[in-house]
Amino acid sequence: MTDAAINSEATGGPVVNALAQYIKDFSFENPNAPRSLAPQEKSPEISIQVNVGGNQIGEEDYVVDLTLEGKAAVGDEVLFAFELVYGGVFRLRNVPAEHIHPTVMIEFPRLLFPFARQIIADAVRNGGFPPLFIDPIDFAALYRQKIAELQAEQAGASVS
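Because the structure is a prediction, the values reported are computed rather than measured.

Caption draft 1: Broad picture of the packing of aromatic side chains. Counted according to the given criterion, the structure contains 4 aromatic pairs. Ring centres of Phe90 and Phe108 lie 4.0 Å apart, and the angle between their planes is 10 degrees; this geometry places the pair in the stacked category. Note that Phe90 is positioned in strand β4 (residues 77–93) and Phe108 in helix α2 (residues 97–126), a separation of 18 residues in sequence. Relative accessible area serves as the criterion here: at 1%, Phe90 is assigned to the buried category. Residue Phe108 is classed as buried on the basis of its relative accessible area of 0%. Measuring from ring centre to ring centre gives 6.1 Å for Phe113 and Phe139, while their planes differ by 65 degrees; the resulting arrangement is edge-to-face. Of the two residues, Phe113 sits in helix α2 while Phe139 sits in helix α3 (residues 139–159), which places them 26 residues apart along the sequence. A residue is classified by how much of its surface remains accessible, and Phe139, at 2% relative accessible area, is buried. The structure contains a cluster of three or more aromatic residues connected by ring pairs, namely Phe28, Phe80 and Phe129.

Printed below as a string of structure tokens:
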């Protein structure tokens, strides 16, 4: 345990510990190699989707999965595609109940993201392309968007 965690725990303040991080699932495809490795006339279009899932697995423990899916294509030809599910197990102590869900769905993915980003950059580079460095993700905005979608769904369901 770190000094900060010990001091925070001793004063009754919130304590967050990362217990484990791991690759849960990973796929990288280079379906048109070696043709796709030739210089391209146009820059590829890169699309990336992000999803976050979290569950309580113990009294104070939570698991979070950060899923990053993406591909690079020129026209209809896919240069490369990837899917990564990067997980983490975290422990929360002395956190008010109303702050647990945002912490799990915003702060934990924020801690996992740099590691997932590096895994993808390395895989793309090892696939024969320049490394793909995914721009930072605003997990708070993603969280607000997801909450708004759920509220809209619930409002639509109650009208029916």
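Caption draft 2: Seen up close, the pairing of strand β3 (residues 61–74). The element β3 is largely enclosed, with a buried count of 12 among its 14 residues. When strand β2 (residues 45–56) meets β3, the two strands line up antiparallel, connected through 12 bridges. Paired with Glu45 across the two strands is Ala73, which belongs to β3.

Caption draft 3: Seen up close, the pattern of salt bridges. Applying the stated criterion across every chain, the model contains 6 salt bridges. Here Lys24 makes a salt bridge to Asp65, at a shortest N to O gap of 3.1 Å. Of this pair, Lys24 sits in strand β1 (residues 15–29) while Asp65 sits in strand β3, placing them 41 residues apart in sequence. Glu107 is paired through a salt bridge with Arg110; the nearest N and O atoms lie 2.9 Å apart. Residue Glu107 and its partner Arg110 are located together in helix α2, separated by 3 residues, close to a single helical turn.

Caption draft 4: Geometry of α2. Taking 1.5 Å of rise per residue, the 30 residues of α2 would be expected to cover 44 Å, and the 43 Å separating its terminal C-alpha atoms lies within 8% of that figure. Of all bends in α2, the biggest is about 45 degrees, found at Thr103. Once α2 ends, the next one or two residues include Gly128, with phi positive near 105 degrees.

About the cut-offs
- Residues numbered from 1 in each chain as written.
- Predicted model: local features only at pLDDT ≥ 70, side-chain atom pairs only at ≥ 80, totals over all residues.
- Heavy atoms only, no water.
- Phe/Tyr/Trp six-rings, centres within 6.5 Å; stacked < 30°, edge-to-face > 60°.
- Helix = DSSP H or I, 4+ residues; strand = E, 2+ residues; numbered from the N terminus.
- Buried < 20%, exposed > 50% of the residue type's maximum accessible area, 1.4 Å probe, protein only.
- Pairing = 2+ DSSP bridges.
- Salt bridge = Lys/Arg side-chain N within 4 Å of Asp/Glu carboxyl O.
- Expected span 1.5 Å × (residues − 1).
- Bend = angle between axes of the 7 residues up to and from the residue.

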